Amino acid sequence: MKIALASSYGFCFGVKRAIKIAEGHPGSKTYGPLIHNKDEINRLKDGFNIGLANSLDDVEEQDSVVIRTHGIPKNELEKLRALETEVIDATCPYVTTPQKIVEEMSQKGYSIVIFGDKNHPEIKGVVSYAQNLQDAFIVLDAKELESLPLKSRVAVVAQTTRKPEDFLKITSALILKHKEVRIFNTICNATFENQDAASDLAKKADIMIVIGGKHSSNTKQLHSICKYHCESSYLIENETELQEEWFKDKELCGISAGASTPDWIVQNVIDKIKGIV
Ligand code: SF4
């Protein structure tokens with residue numbers, strides 16, 4: 001059996017940058033998990049003594065606190081800054097962009113529509129920048145727009161990991177009903193590149209292994225794209241989850257990895273597969 005890696009996979013710019021920032025501040029705490037990968041978080045803990053603060057209660061004076069890639073709500077950032085702590089912001093610049101847009105457009109009086117998952121930390125952070133939370137709405141589906149009390153002027157942004165085709169459905173529905181719609185395409189290119197490469201490979205592969213955090217929306221989407229083209233597509237966090245029977249009678253095994261998956265985990269998976277086949 002041949003093993004082929006997608007032409008683009010794994011760590012994106014924002015994650016590489018956040019890890020570098022954390023490594024540069026040994027002994028600090030990250031506010032929320034830095035990235036969606038517990039193995040990498042353990043590596044930072046063991047090698048750089050990077051701890052984890054899940055909330056403000058876990059932060060002590062004199063702590064150095066690294067803000068995770070997906071950002072945090074504005075009021076929490078302000079509270080952290082008011083403490084005697086050093087705040088090191090590792091929020092990805094592609095995430096601070098929609099935060100700034102929401103802040104600016106809501107100040108200008110636009111209703112805000114955010115296309116994304118209201119439970120995702122990135123979206124909890126983005127929506128918190130709206131000046132008036134009663135006039136900021138998070139939707140996952142164009143149908144949800146029908147019942148919203150939107151003004152005639154609407155500004156819309158998207159969660160960085162969403163599919164552009166789905167964003168188009170939201171923006172089209174808004175244009176049909178509102179006089180002025182300001183569309184900001186805040187979907188991140190890193191996601192497209194990994195998705196396009198995974199899709200190309202999945203079309204040829206007999207089995208696809210997608211490596212990444214089970215709670216990472218980016219990895220889950222990568223898996224669903226692979227599954228669409230290749231029925232035998234599996235999402236795993238590391239090599240311990242591989243099962244020998246998956247590879248029976250398969251000729252080409254494709255591999256992709258989510259934006260929070262480090263290369264050393266990808267290599268471990270490849271080595272284990274080589275041992276199986
Ligand atoms: S996927 Fe994009 S937005 Fe998310 S951390 Fe990476 S570069 Fe930033």
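Cut-offs used in this document
- Residues numbered from 1 in each chain as written.
- Predicted model: local features only at pLDDT ≥ 70, side-chain atom pairs only at ≥ 80, totals over all residues.
- Heavy atoms only, no water.
- Buried < 20%, exposed > 50% of the residue type's maximum accessible area, 1.4 Å probe, protein only.
- Helix = DSSP H or I, 4+ residues; strand = E, 2+ residues; numbered from the N terminus.
- Pairing = 2+ DSSP bridges.
- Right-handed = clockwise from strand over helix to strand, strands pointing away.
- Core = buried A, V, L, I, M, F, W, Y, C linked by side-chain atoms within 4.5 Å.
- Contact = heavy atoms within 4.5 Å.
- Phe/Tyr/Trp six-rings, centres within 6.5 Å; stacked < 30°, edge-to-face > 60°.
- Lys NZ or Arg CZ within 6 Å of the ring centre and 35° of its normal.
- Polar contact = N/O pair within 3.5 Å; in protein donor to acceptor, adjacent residues only side chain to side chain.
- Near = heavy atom within 4 Å.
- 1 Å grid on protein atoms, 1.4 Å probe; cavity = no way out; pocket = protein on both sides within 12 Å on 5 of 7 lines; lining within 4 Å.
- Sits in = over half its atoms within 2 Å of the grid points.
- Nonpolar A, V, L, I, M, F, W, Y, C, P; charged D, E, K, R; others polar.
- Salt bridge = Lys/Arg side-chain N within 4 Å of Asp/Glu carboxyl O.

**Points about the pairing of strand β4 (residues 64-67)**
Working step 1: Side chains Ser 64 and Val 66 project from β4 onto one buried face, and the interleaved Val 65 and Ile 67 project onto a second face that is buried too.
Working step 2: Two strands pair when backbone bridges link them, and strand β2 (residues 29-31) and β4 are joined in this way by three bridges, in the parallel orientation. Within the sheet, the bridge partner assigned to Thr 30 lies in β4 and is Val 66.
Working step 3: Both β4 and strand β5 (residues 86-89) contribute to a ladder of four bridges, which runs parallel. Bridging from a neighbouring strand, Ile 67 pairs with Asp 89 of β5.
Working step 4: Note that the unit made of β4, helix α3 (residues 74-82) and β5 has a crossover that is right-handed.

**Some details on the nonpolar core**
Working step 1: If you look at the biggest cluster of nonpolar residues, it comprises 23 residues, and the most contacted ones within it are Tyr 31, Leu 80, Val 102, Met 105, Ile 112, Ile 114 and Val 157.
Working step 2: Breaking this core down by element, the ones donating at least two residues are β4, α3, α4 (93-107), β6 (111-115), α5 (121-127) and β8 (153-158).
Working step 3: Leaving out residues up to four positions away in the same chain, Val 102 has contacts with Ile 112, Ile 114, Val 126, Tyr 129, Ala 130 and Val 157.

**Topic: the packing of aromatic side chains**
Working step 1: All told, the structure shown has four aromatic pairs when counted by the stated rule.
Working step 2: Judged by centre distance (3.9 Å) and plane angle (5°), the rings of Tyr 234 and Trp 246 are stacked. Taken as a pair, Tyr 234 in strand β11 (residues 233-236) and Trp 246 in the loop between β11 and β12 (252-257) lie far apart in primary sequence, 12 residues in all.
Working step 3: The interplanar angle of 45° and the centroid separation of 6.5 Å between the aromatic rings of Trp 246 and Phe 247 together place this pair among those described as tilted. An identical accessibility class is assigned to Trp 246 and Phe 247; each is buried.
Working step 4: In textbook terms, an aromatic cluster arises when at least three aromatic residues are bridged by ring pairs, as seen for Tyr 234, Trp 246 and Phe 247.
Working step 5: The ring of Tyr 110 carries the charged tip of Arg 153 above its face, separated from the ring centre by 4.2 Å.
Working step 6: The residue whose ring lies beneath Arg 162 is Phe 115, and the NZ or CZ to ring-centre distance is 5.7 Å.

**Concerning the side chain of Thr 261**
Working step 1: Along the chain, Thr 261 turns up in the loop between β12 and α9 (263-276).
Working step 2: One polar contact links the side chain of Thr 261 to the main-chain carbonyl oxygen of Ile 211, over a distance of 2.9 Å.
Working step 3: Among all residues touching Thr 261, those that are not within four sequence positions of it are Gly 10, Phe 11, Asn 37, Ile 211, Gly 212 and Val 266.

**Brief notes about the site of the ligand**
Working step 1: In the neighbourhood of the ligand, the contacting residues comprise Cys 12, Gly 14, Thr 69, Cys 92, Tyr 94, Thr 160 and Cys 188.
Working step 2: More than half of the atoms belonging to the ligand lie within 2 Å of the grid points that define the largest pocket.
Working step 3: Of the residues in the shell around the ligand, the class split is four nonpolar, three polar and no charged.

**As for the pattern of salt bridges**
Working step 1: Inspection of every chain in the model, using the stated rule, returns 10 salt bridges.
Working step 2: Ionic pairing is found between Glu 23 and Arg 43, a salt bridge with its closest N-O pair at 2.7 Å. Residue Glu 23 is found in helix α1 (residues 13-23), and its partner Arg 43 is found in helix α2 (residues 38-48); the two are separated by 20 residues along the sequence.
Working step 3: Taking relative accessible area as the criterion, Glu 23 reaches 26% and is therefore assigned partly exposed.
Working step 4: We classify Arg 43 as partly exposed; its relative accessible area is 29%.
Working step 5: Among the charged side chains, a salt-bridge network with shared partners connects Glu 23, Glu 40 and Arg 43.

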